[in-house]
Number of protein chains: 2
Amino acid sequence: MQKHADFAEFTLIEPSADVSTARHGWRAKCLQRLIRLDLPVPPTVALPCDSVRAIAAGQMPDTARLMALFGAAPLVSVRPSPENPAWGGPGTVLNVGMNAERHAALARTHGTEAADALYLRFVQAFALHVARLDPDMFSAPPASGALAAALAAYEAETDEPFPQDPARQLAEVLRSMARAWEGTTARLLRAAKGAPAEAALGLVVQGMALAIGPGRSGSGTIQFVEGVTGAPQIIGRFRGQENGPRADGGISEATLFLVADPRGPALEDVAPELFGELLRHGRICRERLREEMQIEFAIEDGAIKVIDAVRVQRSSRAAVRIAVALANDGIISREDALLRVEPRALSDLLHFQVDPRVPRDRLGRGIAASPGAATGKIVFTAAAAQASAARDEPCILVRRETAPEDIRGMHASVAVLTERGGMTSHAAVIARGLGLPAIVGASELRLNGRERTLTTADGRVLREGDTLTVDGTTGEVLAGSPAMLEPALDDGFRTLLRWADNVRDIGIRANADTPDDARTARMFEAEGIGLCRTEHMFFDEDRLTVMREMIFADTGEDRRVALERLLPMQRADFIALFDIMAGLPVCIRLFDPPLHEFLPHDREGMRELAEALDRPLSEVTRRVEALTEFNPMLGMRGVRLGITVPEIYDMQTRAIFEATVEASRRGAAVVPEIMIPLVSAKREVEIVKTRTDAVAAAVRNETGADFDYRLGVMVETPRAALRAGEIAQHSAFLSFGTNDLTQMTYGLSRDDAGRFMGSYVAQGVYREDPFHMLDEDGVGELLLIGAKRGRETRPELTVSICGEHGGNPESISFCRAAGFDYVSCSPYRVPVARLAAAHFALLDRARPQNTAGIRR
Amino acid sequence: MQKHADFAEFTLIEPSADVSTARHGWRAKCLQRLIRLDLPVPPTVALPCDSVRAIAAGQMPDTARLMALFGAAPLVSVRPSPENPAWGGPGTVLNVGMNAERHAALARTHGTEAADALYLRFVQAFALHVARLDPDMFSAPPASGALAAALAAYEAETDEPFPQDPARQLAEVLRSMARAWEGTTARLLRAAKGAPAEAALGLVVQGMALAIGPGRSGSGTIQFVEGVTGAPQIIGRFRGQENGPRADGGISEATLFLVADPRGPALEDVAPELFGELLRHGRICRERLREEMQIEFAIEDGAIKVIDAVRVQRSSRAAVRIAVALANDGIISREDALLRVEPRALSDLLHFQVDPRVPRDRLGRGIAASPGAATGKIVFTAAAAQASAARDEPCILVRRETAPEDIRGMHASVAVLTERGGMTSHAAVIARGLGLPAIVGASELRLNGRERTLTTADGRVLREGDTLTVDGTTGEVLAGSPAMLEPALDDGFRTLLRWADNVRDIGIRANADTPDDARTARMFEAEGIGLCRTEHMFFDEDRLTVMREMIFADTGEDRRVALERLLPMQRADFIALFDIMAGLPVCIRLFDPPLHEFLPHDREGMRELAEALDRPLSEVTRRVEALTEFNPMLGMRGVRLGITVPEIYDMQTRAIFEATVEASRRGAAVVPEIMIPLVSAKREVEIVKTRTDAVAAAVRNETGADFDYRLGVMVETPRAALRAGEIAQHSAFLSFGTNDLTQMTYGLSRDDAGRFMGSYVAQGVYREDPFHMLDEDGVGELLLIGAKRGRETRPELTVSICGEHGGNPESISFCRAAGFDYVSCSPYRVPVARLAAAHFALLDRARPQNTAGIRR
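The numbering scheme is per chain: residues are counted from 1 as the chain's sequence reads. Key to labels: chains lettered from A, ligands numbered from 1, both in the order written. Local features in this predicted model are restricted to residues of pLDDT 70 or higher, and side-chain atom pairs are both shown and tallied only at a pLDDT of 80 or more, whereas totals for entire chains, interfaces and linings draw on every residue. The basis for every side-chain value is the complete set of non-hydrogen atoms in the structure, without hydrogens or water.

- Chain A carries the name Pyruvate, phosphate dikinase in an unreviewed UniProt entry, which gives Frigidibacter mobilis as its organism.
- According to its UniProt record, chain A has this under Function (unreviewed entry): "Catalyzes the reversible phosphorylation of pyruvate and phosphate."
- Under the UniProt heading Sequence similarities (unreviewed entry), the note attached to chain A is "Belongs to the PEP-utilizing enzyme family." UniProt positions are given in the numbering used here, feature names are shortened, and annotations may be inferred rather than shown by experiment.

Right, dumping it as structure tokens:
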């Protein structure tokens, strides 16, 4: 049988044995490390992956010889040992070797009940997993007669008696586990967890520690941290199984707990010396395996056996705390601590979460567009949201989709739910910016705006004022108010991110439009504001009126007069931002949206506007109609407005400079960064620069104060990227606005893409939604071209990215490799970005050859 | 005075003199050539440009010495001689040298009347152009006392008598002409004609031939072709000025014409020998100057003097005929003939023109969006246009702007006029495609759609049925029906283009959507159809209904059933095209527009649709609303529809293949080209290719006929250009759709750009409207990248351009240099493209070093 095998079919695990994770799987290797640490591990044999593959192909090892390694009449367990524990594997089979003969012997030594239980457990497992018989016939609890019934059923179903030869039993178990690994379901399950197609399985055969007996016996697990918080705490379970008379002559009492517990006797009470030994084993594991482990143990007649040890399952929060504690205890380095926390996991820590332990009454699902959970009363309009907020009643804004005029309503809400839209719809983008939980595209729910109802697929009707919970982490819309877990910005979190800052080599800024955003950015220790959009500042009711007057003005002079009334408000906006950011850079994007966004589009709104402006309705209607655009995304906005209606930028730059003077007088000197949106030609930059310089000179002259500023370009059109060489002649910085750049590179409106994006990604037309994950092949090439050409013209050019992609680890990796100076992302993504950037820097250190060339 | 001059201040023009166009201007050089041909040119002196520049700066030549070159008491003329005759220059001044003494002498020899006339003419010219006096005082006709009055007025205005020294007279004339050249108006005028900023002026001083006298005298011009048609014909004017007794003793009769004329005596009659001498001079000029010249001559006492010769002013039509005739007579080569016709001028020949000789009653102006002129009755709706066409009444469709549903109305009209829109608005693009004269953006005219009136800026109101003329060549909207000139597709035109085809090295195809388009394409000898848009085929009333049923279908199967009814109609469409194109390649673009273009958007239309579909109005409204897009340009169209609603492409490809079989059976074998629109990822092409191959296999199987086809991609997104390398893996050809590619590269909707494009081009933000002139820097780079990467993958890849730019000579030059296989343009641009392509090939031959490298 062994003639073709050019590998050891199995290896007894000893300290000096040649066992590796790659060849034998993680469990085999972990057990060897426990053995090397002198922990009391029962004899264990590792079957390498090659061997298991051969078994699946029908080439069996000599199982009689294998069994012989465990002594006379052994019982063994078989456990899976893939390379990565996350890849799963077939279930453990215990008590292989049980047969009538062994049963009789055990009945003599441990009593019939114990012998029956052990034999029954094996027969059931064998029937289910090896012989693949009907589970209903093999799930009886261990009771009198159950064993006999199971053996009879086995024989009836298979036409042969239950196999009695331990070597044959083991061979069958090995074969069934090896084949289960090759099954389609198992493949799909592990592929979903990131396993490669060729992932292999090792198996571990271990001598059973008999946890049943007359002496102190039982089995359990123990770990030394709490899995949700990561706090130090001894947690575990223990079930004593002494079933004979106690040494002191009394009858043993069932020991049900591990740690002292008011509900009953615990191992800590009844056997403190064994408990102490477990603690010692735990300490060794932590220090030498450099990880928080959960230990599986058995007590066999008063002696502890360490059967297995696995990494403690942990929440993101716990992962951070554990990693920091291990580093602080000198067990791992700070760099290792950083690498042990998955950056994306950090975002879980920044939001409320629905307690995973409580039941969920799900009303529907949508796209999980902005993480976190919140409970509030349903409102269907932005106005109702504001009214609700005024009453201090948390509310959830439910809309078909949101538009810029809903922003104040979104601000007033604790969460947002829309029937339409995708990851990059207005609602999703704004909610992520505000850190509001949001579900978009919840098309299972039917919204009736007129009747103000929300109907679920199963016919439940919710009305304004009903309580709802939005779980933006999972995309579930829940009824009522389930229990929540609080966000955890604890010391561990802050410590880890400080360590990350020491390691990373790309800057992280935040996109922040409001003082609230800016405060969040500072809380998360962003290094500045990389994108401050100014248009939201014009949606306040009093400002909107002035904006509309400006839009309806007939001459530049009239526009200027209207805008002068906005100047003090804008100045105050910028002073507030500069004060909060205390000298950190603030990059302000000049006015970007088309003017028609500021006009009403319904008859009622137009009537009101006509009244407010004291103009005939027909004129208002005509002007609104004249400003309407076929493709607003590609229309009269951004710098095109700046050039054709220059009074807006004049007012904004004046407000910025006056705020600079004011804020610098009472705090750190401010050097504002002014960013021009939607540039497609060098001359646009020249024209804006000339006017901006003139405004700066005027403000310097009027205030007698000197100040610097930096003017740069938001690269959002493919042409701006291609022409970056000449655009950089007049730009101190280029910041890639990857949202619009993606739209234009693909010819794809993010507002409209939702209709087919799902189908496109499902069919693999696009590998990912390019608004979600930076398209490195297309959009990314434009970033590389733009950065390269810009720096050829101006080597000191600051290059960055400020689109939604900025916070994605993949984008950060790309931008680092391209030598970008910083990425800017939503404030709530800053922690993720800081950690991810540190990861990439550390990975680069480990592979120094990769850093050459591209990074400057 | 001459101390600083390092150039000859003036040169007597002799055959051997060193006279060049660059240094002395075209006129000086032309006169030297006439002198070399032994034509009787009076003594002539050339002042080089350097000299004239020095004069303007105050450094005068020795005019006494100059005058002395013309003998005793000379009279001279001064004429401008810039490098290029198109650049204009100051007006000619005659009779310099006239003074009281010379006047007295002439009065004796030629009579007082003649002497007065000569002196008066000089005094008037001097007063106006040199002394810059009030024109009103110096415009009296030559009559008794006029001379004395002019001299007195001169003295009164300048406080000095009229200068008597001929050298001073000449100096003043030279200075005034030199300075006039430097004036702002003159600079602007010549810049508009393409003169460079540093364009210089030479001057020509020529001895006057006295065309007054007792012997046979007079002056005139003669040319040998007609300037509008280019037909051979002797044309000119002559005015005899014998003013003494005739040699035969009689009193001379005024000779008023050049060629025999019933209205009065002509030179041909009264002096056939002189007339014959003129013909000989003309023949020499034509043969030796290799050009049709207009000769200016004088007859001085029976002797002909050739004073000047200029190129005959000619229409585009005449230019073609003249060039072909010169080549056919062996005077110039065919290549020279090609280079003598400006390609853009050809488009004038393809359309009716308003006769330039008739007065115009202009109602308003707009953008000349599609050339040619047409007269018809005003209609304000597409339906009215169709009704009018049914009555055989030519009509002009007047709309605020046009939309796809107006296409049938446009087909039914003889011209289109829109209040809004730019060169690339829907109306403009479609009109150019149809060859319909069009004016767009005629914002001076106010359209009231409800009352069906069109009001001019001066308050005239036009109503439906009133007659209007659209001059799409000039952009003028004219009242009534002015006289027209017919288009001239004459033999010269065809001959020239055949010669062009022999020379050019890039293919020319036409964009043709309909059988009419295809016939036009063949008439203009396009080499195939480069872009056949199929969407218009669905706007016929019966098809539109089926389309709407398809859109409202709930399942793919229902869609398929609806589309099956369109299949025979589509097949017939393609059979017609294949038949007309007779085996020439036809590239069919699959369905492109968003589905909502096929739905009504007004309440009335939706109500009708609900009735037609027998569905509730609310459902129709909801579906229409659900299909509405924020940015249709970037939405669910093109291949995105092809992938998510694959039944449409299945139907279209089947129609194409069935038509291929049918047309190939009865004519030349057809190899259809199928083009996928709006591709942004390779996988889109793979998916469509797989389905298309399956349809082809099915049709081959059903019909038992074999056929080939070529599948390719319309490169319209920047990403498709960047990823052309992998897209070419599945593409036989790439055709750049530069309209959309320009929109996406700039982030600029052509439908919305009109609002600021004028201001942008005026401010030099964009050098040109990029929808009008290919943006070589940005969009062009994507073309180069796409072509290069595509061919790296597939060297035999066919690469072309099929956007609106395809017919522009600049684009053709660009595409040639980039090694493209062909350009495709509107059928009416094909002749221009054929000639332009020949030009570039010839220019390349002249500069062979330029062709290396880029062209394959």
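The structure having been displayed, the exposition proceeds.
Concerning the relation of the copies chain B and chain A
For step 1, the next point in the chain: All copies are superposed by least squares; the fitting set is the C-alpha atoms of residues with a pLDDT of at least 70 in both. Turning chain B through 180 degrees and shifting it by 0.4 Å along the axis lays it on chain A, with an RMSD of 0.3 Å. Each copy turns onto its partner about a two-fold axis. No C-alpha of chain B approaches the rotation axis more nearly than that of N631 of chain B, which lies at 2.0 Å.

Points about the environment of L497 of chain A
All names here are of chain A.
For step 1, the next point in the chain: Numbering of helices and strands runs from the N terminus, with a helix taken as a DSSP run of H or I at least four residues long and a strand as a DSSP run of E at least two residues long. Checked against the element boundaries, L497 lands in helix 17 (residues 491–503).
For step 2, the next point in the chain: With relative accessibility at 2%, the residue L497 sits in the buried group.
For step 3, the next point in the chain: Along the primary structure L497 and G583 are separated by 86 residues, whereas in three dimensions their C-alpha atoms are 22 Å apart.
For step 4, the next point in the chain: Once residues lying within four places of it in the same chain are set aside, the contact partners of L497 are L346, P831, R834 and L835. Buried, partly exposed and exposed residues are distinguished by accessible area as a fraction of the type maximum, computed with a 1.4 Å probe on protein chains only: under 20%, between the cut-offs, and over 50%, respectively. Pairs of residues are marked as contacts when any of their non-hydrogen atoms sit within 4.5 Å.

Observations concerning the nonpolar core
For step 1, the next point in the chain: Nonpolar core, defined: a set of buried Ala, Val, Leu, Ile, Met, Phe, Trp, Tyr and Cys residues in which side-chain atoms within 4.5 Å join the residues together. Membership of the largest hydrophobic core comes to 282 residues, with the highest contact counts inside it found for F820 of chain A together with F820 of chain B.
For step 2, the next point in the chain: Leaving out residues up to four positions away in the same chain, F820 of chain A has contacts with I506, F736, L783, A787, V799, S800, I801 and C815 of chain A.

A look at the pairing of strand 21 (residues 476–479) of chain B
Residues and elements named next belong to chain B.
For step 1, the next point in the chain: For two strands to be treated as a pair, DSSP must find no fewer than two bridges joining them. Where strand 11 (residues 362–365) lies against strand 21, three bridges are found, and the strand directions are antiparallel. Across the sheet, residue R365 finds its bridge partner in strand 21, namely E476.
For step 2, the next point in the chain: Taking the residues between adjacent antiparallel strands as the criterion, strand 20 (residues 467–471) and strand 21 are bridged by four residues, where G475 takes a positive phi near 85 degrees.

So, the sheet that holds strand 28 (residues 733–736) of chain A
All names here are of chain A.
For step 1, the next point in the chain: The strand order around the closed barrel built from eight strands is 23-24-25-26-27-28-29-30, with neighbouring strands paired in parallel fashion. Each strand of the sheet is rotated relative to its neighbour by a mean of 25 degrees, with strand direction disregarded.
For step 2, the next point in the chain: With two bridges connecting them, strand 29 (residues 798–801) and strand 30 (residues 822–825) associate as parallel partners. Residue pairing in the sheet places S800 in a bridge with Y822 of strand 30.
For step 3, the next point in the chain: Working convention: axes come from line fits to C-alpha atoms, limited for helices to the stretch in contact. Angles between N-to-C directions cover 0 to 180 degrees. Each of strand 23 (507–511) and strand 30 touches helix 32 (residues 830–846); the most contacted strand, strand 23, lies at about 165 degrees to it.

Some details on the UniProt feature "binding site: Mg(2+)" (unreviewed entry) in chain A
All names here are of chain A.
For step 1, the next point in the chain: Under the present numbering, the feature "binding site: Mg(2+)" (unreviewed entry) in UniProt falls on E716 and D740. These annotated residues cover 25 residues of sequence, and their C-alpha atoms lie no more than 5.3 Å from one another, placing them together at a single site.
For step 2, the next point in the chain: As for its placement among the helices and strands, E716 is situated in the loop between strand 27 (710–715) and helix 26 (718–722).
For step 3, the next point in the chain: Residues in contact with E716, not counting those within four places in the same chain, are R589, R637, P677, L678, G737, D740, L741 and M744.

What to know about the sheet that holds strand 20 (residues 467–471) of chain A
Residue and element names in this part refer to chain A.
For step 1, the next point in the chain: As summarised here, the arrangement of the eight strands in space is 11-21-20-13-14-15-16-12, forming an open sheet in which the pairing is mixed. At either end of the open sheet lies a strand with only one pairing partner, and these are strand 11 (362–365) and strand 12 (367–370). Strand-to-strand twist in this sheet, taken as the mean axis angle between neighbours without regard to direction, amounts to 30 degrees.
For step 2, the next point in the chain: Of the strands in this sheet, strand 13 (373–379) and strand 14 (395–399) are in contact with helix 14 (residues 382–390), which crosses strand 14 at around 180 degrees.

Notes on the interface of chain B and chain A
For step 1, the next point in the chain: Across the contact, 52 residues belong to chain B and 52 residues belong to chain A.
For step 2, the next point in the chain: Interface area for chain B against chain A, summed over the two sides, is near 4,600 Å², with a carbon-plus-sulfur share of 52%.
For step 3, the next point in the chain: For salt bridges, the criterion is a side-chain nitrogen of Lys or Arg within 4 Å of an Asp or Glu carboxyl oxygen. Run the count over chain B and chain A and you get six salt bridges.
For step 4, the next point in the chain: When the shortest N-O distance is used, the salt bridge between D777 of chain B and R723 of chain A registers 3.8 Å.
For step 5, the next point in the chain: Under the rule applied, a polar contact is a pair of N or O atoms within 3.5 Å (in protein, one hydrogen donor and one hydrogen acceptor; residues adjacent in sequence only if both atoms are side-chain atoms). Summed over the shared surface of chain B and chain A, the number is 28 residue pairs in polar contact (both at pLDDT 80 or more). By buried area we mean how much accessible surface two parts lose on assembly, using a 1.4 Å probe and totalling the loss over both.

As for the pattern of salt bridges
For step 1, the next point in the chain: According to the stated counting rule, one finds 142 salt bridges over all chains in the structure shown.
For step 2, the next point in the chain: Of the charged contacts in the structure, one is a salt bridge between R607 of chain A and E604 of chain A, with a shortest N-O distance of 3.1 Å. Of this pair, R607 of chain A and E604 of chain A both sit in helix 21 (residues 603–613), three residues apart, roughly one helical turn.
For step 3, the next point in the chain: Of the residues examined, E604 of chain A reaches a relative accessible area of 40% and is grouped as partly exposed.
For step 4, the next point in the chain: A salt bridge links D513 of chain B to R533 of chain B; its shortest N-O distance comes to 3.0 Å. With D513 of chain B in the loop between strand 23 (507–511) and helix 18 (515–523) and R533 of chain B in strand 24 (residues 529–533), this pair connects stretches of sequence that are 20 residues apart.
For step 5, the next point in the chain: The buried category is assigned to D513 of chain B, whose relative accessible area is 12%.

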